[in-house]
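Architecture and fold: a report
Each chain is listed here by its residues.
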Amino acid sequence: NAEYGKQWYQRRVRATYNSLYKTYSRGAGYLNDLYMHLNQHFTKRTIKNEWCDHYMHSIEKVKKFEKVQDLAMNIWRDEMIEKVHEPLVTAILQDITRDRRGVSTYSNILRDVIHSLVEVQSHEDPQGSQLQLYKDLFEERLLENTGSFYQKEAQKLYEANDVSNYMIKVIEKLDEEELRLRKFIHHTSISPCKKECVNKLIADIQDRLLDEYKIMLKDEHVEDLSRLYILIRRLNEGCKKMADIFHDHIFENGKDSIELMARGCSPQEYVDALLVVYRKFTNIVSNNLSKRSELY
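All values derive from a computational prediction rather than experimental measurement.

Attention shifts here to the overall build of the protein chain. Scanning the protein chain for helices and strands turns up 12 helices and 2 strands. When the helices and strands of the protein chain are placed in sequence order, the string is α-α-β-α-β-α-α-α-α-α-α-α-α-α. The buried share of the protein chain, reckoned over its 296 residues, is 38%. In the protein chain, the share of contacts with a sequence separation of at least 24, taken over all contacts with a separation of at least 6, comes to 71%. Total accessible area on the protein chain stands at roughly 17,800 Å², and carbon and sulfur atoms take up 51% of it.

End to end, helix H6 (residues 132-160) covers 41 Å across 29 residues, agreeing with the expected 42 Å (1.5 Å per residue, within 8%). The largest bend in H6 is about 40°, located at Phe138.

Here we take up empty space enclosed by the protein. In this approach a probe as big as a water molecule rolls over the atoms, and the regions it shows empty are the leftover space. Under the defined criterion, the tally for this structure stands at 2 cavities of 30 Å³ or more. Lining the largest cavity we find Leu174, Glu177, Glu178, Leu181, Lys194, Cys197, Val198 and Arg234. Going through the elements one at a time, helix H7 (163-184) and helix H8 (190-201) are the ones with two or more residues in the lining of the largest cavity. Counting residues per element, the lining of the largest cavity draws most heavily on H7, at 4 residues. For the lining of the largest cavity, the residue count by class is 4 nonpolar, no polar and 4 charged. Its boundaries defined by the atoms lining it, the second largest cavity holds a volume of some 30 Å³. What lines the second largest cavity is Ile96, Leu142, Arg180, Leu181, Phe184 and Ile185. With 3 residues, H7 is the largest single contributor of residues to the lining of the second largest cavity.

Interaxial distance between H6 and H7 falls to 10 Å at its minimum, and their mutual angle equals 155°. The pairing of H6 with H7 is recorded here as roughly antiparallel in orientation. The handedness of the crossing between H6 and H7 comes out as right-handed. Taken together, the residues of H7 that come into contact with H6 (itself represented by Tyr150, Glu153, Ala154, Leu157 and Tyr158) are Val163, Tyr166, Lys169, Val170, Lys173, Glu177 and Arg180.

Now for a nonpolar patch on the surface. On the surface, Leu31, Leu34 and Tyr35 cluster together into a nonpolar patch covering about 310 Å² of accessible area. The partly exposed category is assigned to Tyr35, whose relative accessible area is 40%.

So, on to the pattern of salt bridges. Summed over all chains, the structure comprises 18 salt bridges. Notably, a salt bridge pairs Glu177 with Arg100, separated by 2.7 Å at the nearest N-O pair. Of this pair, Glu177 sits in helix H7 while Arg100 sits in helix H4 (residues 68-100); the two residues are 77 residues apart in sequence, bridging distant segments of the chain. Accessibility assignment for this pair places Glu177 and Arg100 in one class, buried. Note that Asp224 is salt-bridged to Arg227, the shortest N-O span being 2.7 Å. Of the two residues, Asp224 and Arg227 are both situated in helix H10 (residues 222-232); the distance of 3 residues between them amounts to about one turn of the helix.

Taking 1.5 Å per residue as the helical rise, helix H5 (residues 107-119) with its 13 residues ought to reach 18 Å, and the 18 Å between its terminal C-alpha atoms agrees with that figure. All of the buried residues in H5 are Leu110, Val113, Ile114, Ser116, Leu117 and Val118.

Let's shift gears to the packing of aromatic side chains. Evaluated as defined, the whole model comprises 7 aromatic pairs. Between the aromatic rings of Tyr17 and Tyr21, the centroid separation amounts to 6.2 Å while the plane-to-plane angle is 0°, which identifies the pairing as stacked. Residue Tyr17 and its partner Tyr21 are both found in helix H1 (residues 2-34); the two are separated by 4 residues, about one turn of the helix. For Tyr17, a relative accessible area of 4% puts it in the buried group. When the centroid spacing of 4.9 Å and the interplanar angle of 85° are considered together, the rings of Phe149 and Tyr150 count as edge-to-face. Exposure class is identical for Phe149 and Tyr150. Each is buried. Counting every residue linked through ring pairs, the aromatic cluster contains Tyr17, Tyr21, Tyr24 and Trp76.

Rules used throughout
- Residues numbered from 1 in each chain as written.
- Predicted model: local features only at pLDDT ≥ 70, side-chain atom pairs only at ≥ 80, totals over all residues.
- Heavy atoms only, no water.
- Helix = DSSP H or I, 4+ residues; strand = E, 2+ residues; numbered from the N terminus.
- Buried < 20%, exposed > 50% of the residue type's maximum accessible area, 1.4 Å probe, protein only.
- Contact = heavy atoms within 4.5 Å.
- Areas by Shrake-Rupley, 256 points an atom, 1.4 Å probe, with all protein chains shown as cover.
- Expected span 1.5 Å × (residues − 1).
- Bend = angle between axes of the 7 residues up to and from the residue.
- 1 Å grid on protein atoms, 1.4 Å probe; cavity = no way out; pocket = protein on both sides within 12 Å on 5 of 7 lines; lining within 4 Å.
- Points joined across faces, edges and corners; volume = space filled by probe spheres on them.
- Nonpolar A, V, L, I, M, F, W, Y, C, P; charged D, E, K, R; others polar.
- Axes fitted to C-alpha atoms, helices over the stretch in contact; angles between N-to-C directions.
- Parallel < 35°, antiparallel > 145°, perpendicular 65-115°, else oblique.
- Left-handed = near helix turned anticlockwise from the far one by under 90°.
- Patch = residues over 30% accessible without salt bridge, like charges linked within 9 Å, V, L, I, M, F, W, Y side chains within 5 Å.
- Salt bridge = Lys/Arg side-chain N within 4 Å of Asp/Glu carboxyl O.
- Phe/Tyr/Trp six-rings, centres within 6.5 Å; stacked < 30°, edge-to-face > 60°.

What follows is the structure in structure tokens.
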């Protein structure tokens, strides 16, 4: 059918591109070694261009020479990547989506194709345009694809699970995604991709999670408290919001205990009541909230 044909075409684009790139880059490496003398004596130097001097006086009279391999990579970028990047990147993103859904992919080919977008400009200034092609053609679409996928995933998970199971599944998803990102993409894209995941899976429903946090504290669901902390600490100001709720809960809990004990109790019983509250919530922080000092 049409969908199968489309998938077959995209797989062929990716596999054919990867095969051709490996052959081409290997050949460029051989030529680079063959012309090593030329590279060493004429690259990154400027010489008088006598042809321009004689025929085209208006053209700049100096010319910068490139290494053979660098020149070959520039040709591949201009003549191949610029012309096939649209279907190529689409195929890559669909492979990543399939991997996120648990469908097996050709991991080595996928990784090699993605990294080829960096390799073709690896000779550029590291502080300048070395990653520009990769970012323009791939990273921008990857971030958009990641945000869209996990927005839908968050909605499905939240509708199908209670909060406890939702947190379990989100922690699993985030761990899986980090492994996936490290396996496939350039390391500079890992952090922005993880941020997209966190925004869609956690930040967008943060208020609902914090409402449940109050119930978890009241019912002393310590495992859920631990899971929620693992998620919320990934957000800016997330731990501060947890701390504010936690402090309010301790205050109310302690106040109730003290009011019960204050009616005719001895000083020793009063102090014991305070210690019970202190030890109870110190244990919660120490055992389930990674001993975060701001929660005390």
